Amino acid sequence: MAKEFKLPDLGEGLTEAEIVSVLVHAGDEITEDQAVLLVETEKAQVELPSPFGGRVATVHVQAGQRVKVGAVLLSFADGPGSTVAASTAPAAAAARTAKPAVTVTPAGAPSTPPTGLPPAATPATRRLARELGVELSHVRGTGPGGRILDEDVHRAASGGRPGAAPAARGDRTSSPSASPAGPAEMGRPLVVPTALPSLPRFEQWGPVEREPLRNIRRRSAEHLALAWAVIPHVTQHDQADITELETMRRRHQKRGAEGSVDLTLTVFLVKAAAIALRAHPRFNASLDHATGELVLKRYYNVGVAVETDQGLVVPVLRGVDGKGIREIAAELATLVARTREGRATLEDLRSGTFTVTNTGALGGTGATPIINYPEVAILGVGRSRPTPVVRDGAIVPRLILPLSLAFDHRVIDGMEAARFSTELVGLLEAPERLFLEG
Amino acid sequence: MVMGELPREVDLVVLGGGPGGYAAAFRAADLGLDTVLVESRSALGGECLHVGCIPSKALLGMAALIHDATEAENAGVAFGPPRVDAAKLRAWTQRSIDRLGRGLAAVAKVRGVDVVAGRGRFEKDGAIRVSQDDAPPATFKFKHAIVATGSRPATLPGLEVGPRVWDSTAALSLPSVPARLLVVGGGYIGLELGSVYAALGSEVTVVELLDGLLPGVDRDLVTPLARRLGKQFKHIFLGTKLTATHETATALTVELAGEGAPKQLEVDQLLVAVGRRPLTDDLGLEHTHAQRDPRGFIVVDAQRRTADPRIFAIGDVAGEPMLAHKAMAEGMVAAAAAAGRPAAFEPLAIPAVVFTDPEVAWCGLMEAQAHARGIEARAVKVPWSASGRAVAMGRSDGLTKLVFEKASGRLLGVGLVGPHAGDLLAEGTLAVEMGAVAEDLAGTIHTHPTLSETLGEAAELFLGRPIHLPPPRD
């Protein structure tokens, strides 16, 4: 039987991937482990190596297509040596046993035969529902015979419950924020929308372009919205005098030139964070909603936010507490390079316990970073600037680094955050501690 | 300017200029899309205008006139027997077709829709090549395409269209009025055309394979039609199969197999009216991701989008019912979807009308379909003997039937049989789409004396308070 290469289980609960490019053609002779496809999941772009060698008979996918786990990607021609049944065992680390083939999702799936009573709504109301993205079968109609009225659709669109007044009763064009609260609005409960209202037609004011949010950006958008919605963020601002750290960094940077390991400020920040996390375990934790427990992690994996062409990616340096500065520097350099090339592995992207985001290269005196859920804190770093500082009654020029520590106020209170922040500042101002205590 | 083989880039190519195709193209142009409409005929309008709805209605109108004139005798007004000039009737029908065709061309021009003559075929990489007999081919690169190539009459094996064997297209061109016509197929096409020829003087026999006329249509509606057609037609043989035909010098001998049917029958002309088949074979769909089902229909989603996101399919190629107004509605949805608007084809009621005498018309769900969906439904029927207008017209054989959801009184479906049933259906279709309940219909004043009163009366009957019928006993 002809062998087929199916989209392997990618782990992390990922069920589908987008084909970025197909690296082989029908008729190509390929070897086992040869990269055949570049796919993008919600987490990363990865190259898929073929679990077996042979001649490609058919390429079943094309760039841009979304495929589900188990979908057939390539089939191989029956070769003279196709008795290598054992070679169907996936060779790639990512490729575990492929699940039963799932057909490629067509963009236009056939409509299923209807059952039950279709929702009662006039054609005009149905059109309104389509425009507002409301699924009518989920709306309870308040009209005669259960008919769904425009008001019911507006209410569903704003996430309100029946009984709550619609945001724009009887007037589709009026925006509630545009009209001042009149007497009719007095005394009615404030509706907090949980579903997004539809956008206006921007084309009416000028030309627009539409750009699809691709996997990573889409995933970031969803992930950040989740984090922002769930976590009560508080940001603690502080400043570290890194004059000495910078002197030391430059000195060792030069000395290490032949080893070509880049001793960036981020390397020291990661190390300092790991030491501070060990001293303040609640910053290295996650809140378990299901059990109401705080999960305190005894490993220290620091994620570093990296800007890539595909969007923001946070690869993780694992076991930072047990690593020296040079080791961290070397790992960080390869990790960042891999990520920027879109070749970060899934392993690179998970298991973080804390995140550092350093936008200082581009400027800034402070930001309020969003915590990388389910972590509970993130350190934002601005640009270090020579700053006049009063020391022993005299003004001296010092290199001052702005720090912004955002923390989950459900888990960490302000006093703890001040202590953690002070600890970090102390570590950066006395850089020898990074070696002594690391 | 010589374009040669350089492809032209357009937003939308619509294949087929029938009702679905032109509606899609016109709507797309109105939404700002650069639209090309490809049509193989010399005029827009498709099968519907040229060899379907329009000519059949022109002929059926004349047939009704003949019937009415005959029946007027009962009321004391007698006309002489009609003299039919087939050539003149043909020319008159053609003038209606030409006039409508010119109208469509003008409307296309006003909108800036580029009508290209020829047959379009998909090629690789989002291109359509249009070839025509007397001009160089043209290639279009499209962002979106809408397949609206329609259908053709289905054939029976061994019965090729020829001098003695017509399909619906041939019959509508009215080549002659045969003395004896055998209609194979008791669906709406066979019955409409059979009615035309019966009125024009042919002796019409209908054979239908299944055990009832208009298969799939509610029996309450078919029964009054079957009764009247029994008088118009010489014979109706149900559960009967045509097994063989032999052409002799002067006639056609057919062999039949079925209870009550003669083994042999001699006729002058045979009309094959056994349905229609979608035209999807020669479109180059293999160069796209669009998929067809086993019957040849293109598989589409609610937006009428095929498995190839660039390509939509509407009308007869996209599945039953094969009706022009359904195609038009789909065309407008597909055009809006191609223009990036939220649109979906999700009607509650697609009206259907058989233009026989009496007309049969229905929309939405009849009891059987409601029950199949697990809906508890209740039907009420008002016979037209309770309608003053129907009786005054001498046509009390009609029936109005409404199907309601039992608990809410919501109108689910409407069925009508009788003269003008097709026109009466419009109110019912609107009511179903609006989600009207019995109280809405009952509370709407209907003109007296019109046949539309029967709709209000039926709603009152559902509510237990009819006026022209005895109150229901509990």
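Each value, and the rule that gives it
Residues numbered from 1 in each chain as written. Chains lettered and ligands numbered in written order. Predicted model: local features only at pLDDT ≥ 70, side-chain atom pairs only at ≥ 80, totals over all residues. Heavy atoms only, no water. Helix = DSSP H or I, 4+ residues; strand = E, 2+ residues; numbered from the N terminus. Buried < 20%, exposed > 50% of the residue type's maximum accessible area, 1.4 Å probe, protein only. Contact = heavy atoms within 4.5 Å. Areas by Shrake-Rupley, 256 points an atom, 1.4 Å probe, with all protein chains shown as cover. Pairing = 2+ DSSP bridges. Core = buried A, V, L, I, M, F, W, Y, C linked by side-chain atoms within 4.5 Å. Buried area = accessible area lost by both parts, 1.4 Å probe. Salt bridge = Lys/Arg side-chain N within 4 Å of Asp/Glu carboxyl O. Phe/Tyr/Trp six-rings, centres within 6.5 Å; stacked < 30°, edge-to-face > 60°. Polar contact = N/O pair within 3.5 Å; in protein donor to acceptor, adjacent residues only side chain to side chain. Expected span 1.5 Å × (residues − 1). Arc of directions from axis to C-beta. Axes fitted to C-alpha atoms, helices over the stretch in contact; angles between N-to-C directions. Parallel < 35°, antiparallel > 145°, perpendicular 65-115°, else oblique. Nonpolar A, V, L, I, M, F, W, Y, C, P; charged D, E, K, R; others polar.

Novice: Which residues make up the overall build of chain A, and what values go with them?
Specialist: Of regular secondary structure, chain A possesses nine helices and 19 strands. Counting only residues that meet the buried cut, chain A has 39% of its 438 residues in that class. At a minimum sequence separation of 6, the contacts of chain A that also span at least 24 residues come to 63%. With an accessible surface of roughly 23300 Å², chain A has 55% of that area assigned to carbon and sulfur atoms.

Novice: Which residues make up the overall build of chain B, and what are the values?
Specialist: Looking only at helices and strands, chain B has 13 helices and 22 strands in total. Taking the contacts inside chain B whose residues are at least 6 apart along the sequence as the reference set, 61% of them involve residues at least 24 apart. Total accessible area on chain B is roughly 21300 Å²; 55% of this is exposed by carbon and sulfur atoms.

Novice: Quick rundown of the pairing of strand β10 (residues 285-288) of chain A? Include the residues and the values.
Specialist: Residue and element names in this part refer to chain A. Across four bridges, β10 lies against strand β11 (residues 293-296) in antiparallel orientation. When the sheet's bridge partners are listed, serine 286 is paired in β11 with valine 295. As consecutive antiparallel partners, β10 and β11 are separated by four residues, and within that stretch glycine 292 has a phi angle of approximately 70°, a positive value.

Novice: Outline the nonpolar core, listing residues and values.
Specialist: Grouped together as the largest cluster of nonpolar side chains are 49 residues, with contacts concentrated most on Leu269, Phe283, Phe354, Leu403 and Leu428 of chain A. Looking at this core, the elements with two or more residues in it are α4 (243-255), α5 (265-279), β12 (302-304), α6 (325-340), β16 (354-358), β17 (377-381), β19 (394-408) and α8 (414-429) of chain A. Residue contributions to this core peak at 11 residues, all from α5 of chain A. For leucine 403 of chain A, the contacting residues outside a window of four places in its chain are Gln236, His237, Asp238, Ala240, Leu269, Leu379, Gly380, Val381, Val425 and Leu428 of chain A. Counting residues in each nonpolar core, the second largest holds 37 residues, with Ala63, Ala86, Ala199 and Leu213 of chain B among its members.

Novice: Account for the interface of chain A and chain B, with residues named and values stated.
Specialist: Chain A puts 23 residues into the contact, and the matching count from chain B is 27 residues. A combined buried area of about 2000 Å² lies between chain A and chain B, and 55% of that area is made up of carbon and sulfur atoms. Counting the surface chain A buries against chain B, the share from its top three residues, Leu117, Arg126 and Arg130 of chain A, is 28%. Counting across the chain A and chain B interface gives three salt bridges. Glutamate 346 of chain B serves as the salt-bridge partner of arginine 130 of chain A, at 2.6 Å between the closest nitrogen and oxygen.

Novice: Give me the lowdown on the environment of serine 40 of chain B, citing residues and values where you can.
Specialist: Residues and elements named next belong to chain B. When you line up the elements, serine 40 lands in the loop between β2 (35-39) and α2 (46-51). Of the residues examined, serine 40 reaches a relative accessible area of 42% and is grouped as partly exposed. Considering only alpha carbons, one finds serine 40 and alanine 117, 77 residues apart in sequence, at a separation of 5.4 Å. Beyond its immediate stretch of four places on either side in the chain, serine 40 contacts Gly118 and Arg119.

Novice: Which residues make up the pairing of β16 of chain A, and what are the values?
Specialist: All names here are of chain A. Within β16, four of the five residues are buried, leaving the element largely enclosed by the surrounding structure. Across three bridges, the pairing between β12 and β16 is parallel. Looking across to β16, one finds that glycine 303 is bridged to threonine 355.

Novice: Before we move on, can you summarise the packing of aromatic side chains with the specific residues and values?
Specialist: Scanning the entire structure with this criterion turns up seven aromatic pairs over all chains. Centre to centre, the rings of phenylalanine 283 of chain A and phenylalanine 420 of chain A are 4.0 Å apart; their planes meet at 15°, and the pair counts as stacked. Here phenylalanine 283 of chain A is found in the loop between α5 and β10, whereas its partner phenylalanine 420 of chain A is found in helix α8, with 137 residues between them in sequence. The class of phenylalanine 420 of chain A is buried, set by a relative accessible area of 0%. Ring centres 5.5 Å apart and planes at 35° place the aromatic pair tyrosine 22 of chain B and phenylalanine 26 of chain B in the tilted group. Of this pair, tyrosine 22 of chain B and phenylalanine 26 of chain B both sit in helix α1 (residues 19-30), separated by four residues, roughly a single helical turn. Comparing tyrosine 22 of chain B with phenylalanine 26 of chain B shows no difference in burial state: the two are buried.

Novice: Give me the environment of aspartate 282 of chain B: which residues, what numbers.
Specialist: Residues and elements named next belong to chain B. Take aspartate 282: it is sitting in the loop between β16 (276-278) and β17 (311-313). Considering only alpha carbons, one finds aspartate 282 and arginine 121, 161 residues apart in sequence, at a separation of 7.3 Å. A distance of 3.2 Å separates the side chain of aspartate 282 from the side chain of arginine 121, its partner in a polar contact.

Novice: Before we move on, could you go through the side chain of glutamate 460 of chain B and cite the residues and values that matter?
Specialist: Secondary-structure assignment places glutamate 460 of chain B in helix α13 (residues 453-462). Of note is the side chain of glutamate 460 of chain B, whose polar atom sits 2.4 Å from the side chain of arginine 465 of chain B.

Novice: Can you lay out the environment of arginine 395 of chain B for me, pointing to particular residues and giving the numbers?
Specialist: All names here are of chain B. Counting through the fold element by element, arginine 395 comes out in the loop between α10 (388-392) and β21 (399-405). A residue is classified by how much of its surface remains accessible, and arginine 395, at 6% relative accessible area, is buried. In contact with arginine 395, not counting residues within four places along its chain, are Glu71, Arg228, Asp357, Pro358, Trp384, Ala390 and Pro419.

Novice: Describe helix α3 (residues 215-230) of chain A, naming the residues involved and giving the relevant values.
Specialist: Residue and element names in this part refer to chain A. The end-to-end C-alpha distance of α3, which contains 16 residues, comes to 22 Å, matching closely the 22 Å that a straight helix rising 1.5 Å per residue would cover. Listed in full, the buried residues belonging to α3 are Asn215, Ile216, Ser220 and Ala227. In a view along the axis of α3, the buried residues occupy a sector of 120°, so they form one face of it. Pointing more than 90 degrees away from the buried face of α3 are the exposed residues Trp228 and Ala229.

Novice: Describe in detail the sheet that holds strand β10 (residues 203-207) of chain B, supporting the description with residues and values.
Specialist: Consider a sheet: its strands pair through backbone hydrogen bonds, and that pairing is either parallel or antiparallel. All names here are of chain B. Read from one edge of the open sheet, five strands run β8-β15-β9-β10-β11, paired in parallel fashion. Two strands lie at the open edges of the sheet, namely β8 (165-166) and β11 (235-237), each paired on one side alone. Pairing geometry for β10 and β11, over three bridges, is parallel. Among the inter-strand pairings, valine 206 is bridged to a residue of β11, identified as isoleucine 236.

Novice: I'd love a proper account of the packing of helix α1 (residues 123-132) of chain A against helix α2 (residues 150-157) of chain A, names of residues and values included.
Specialist: Residue and element names in this part refer to chain A. Running from N to C, α1 and α2 cross one another at 10°; their axes reach a closest spacing of 9 Å. Our classification of the angle between α1 and α2 gives roughly parallel. Touching Thr125, Leu128, Ala129 and Leu132 of α1 are Asp150, Val153, His154 and Ala157, all from α2. Taken together, the residues of the contact of α1 with α2 sort by class into five nonpolar, two polar and one charged.

Novice: I'd like to hear about the side chain of serine 75 of chain A, residue by residue, with values.
Specialist: Residue and element names in this part refer to chain A. Mapped onto the secondary structure, serine 75 falls in strand β8 (residues 72-76). According to the relative accessible area criterion, serine 75 is buried, its value standing at 9%. Excluding residues within four positions of it along the chain, serine 75 makes contact with Lys3, Glu4, Arg55, Val56, Ala57, Thr58 and His60.

Novice: Give me unusual backbone geometry: which residues, what numbers.
Specialist: Most of the time, phi is negative for any residue but glycine, and the peptide bond is trans. All names here are of chain B. Cis geometry marks the peptide bond from glutamate 320 to proline 321, where omega comes out at -10°. In this fold, proline 321 is placed in the loop between β17 and α8 (324-338). Residue proline 358 follows aspartate 357 across a cis peptide bond; omega there is 0°. Turning to its location among the elements, proline 358 is positioned in the loop between β18 (352-354) and β19 (359-364). Its identity as a non-glycine residue notwithstanding, leucine 174 has a phi of 50°, on the positive side. Tracing the backbone shows leucine 174 in the loop between α5 (168-172) and β9 (180-184). Look at leucine 174 and you get buried, because its relative accessible area is 1%. One non-glycine residue, leucine 214, lies in the positive phi region at around 45°.

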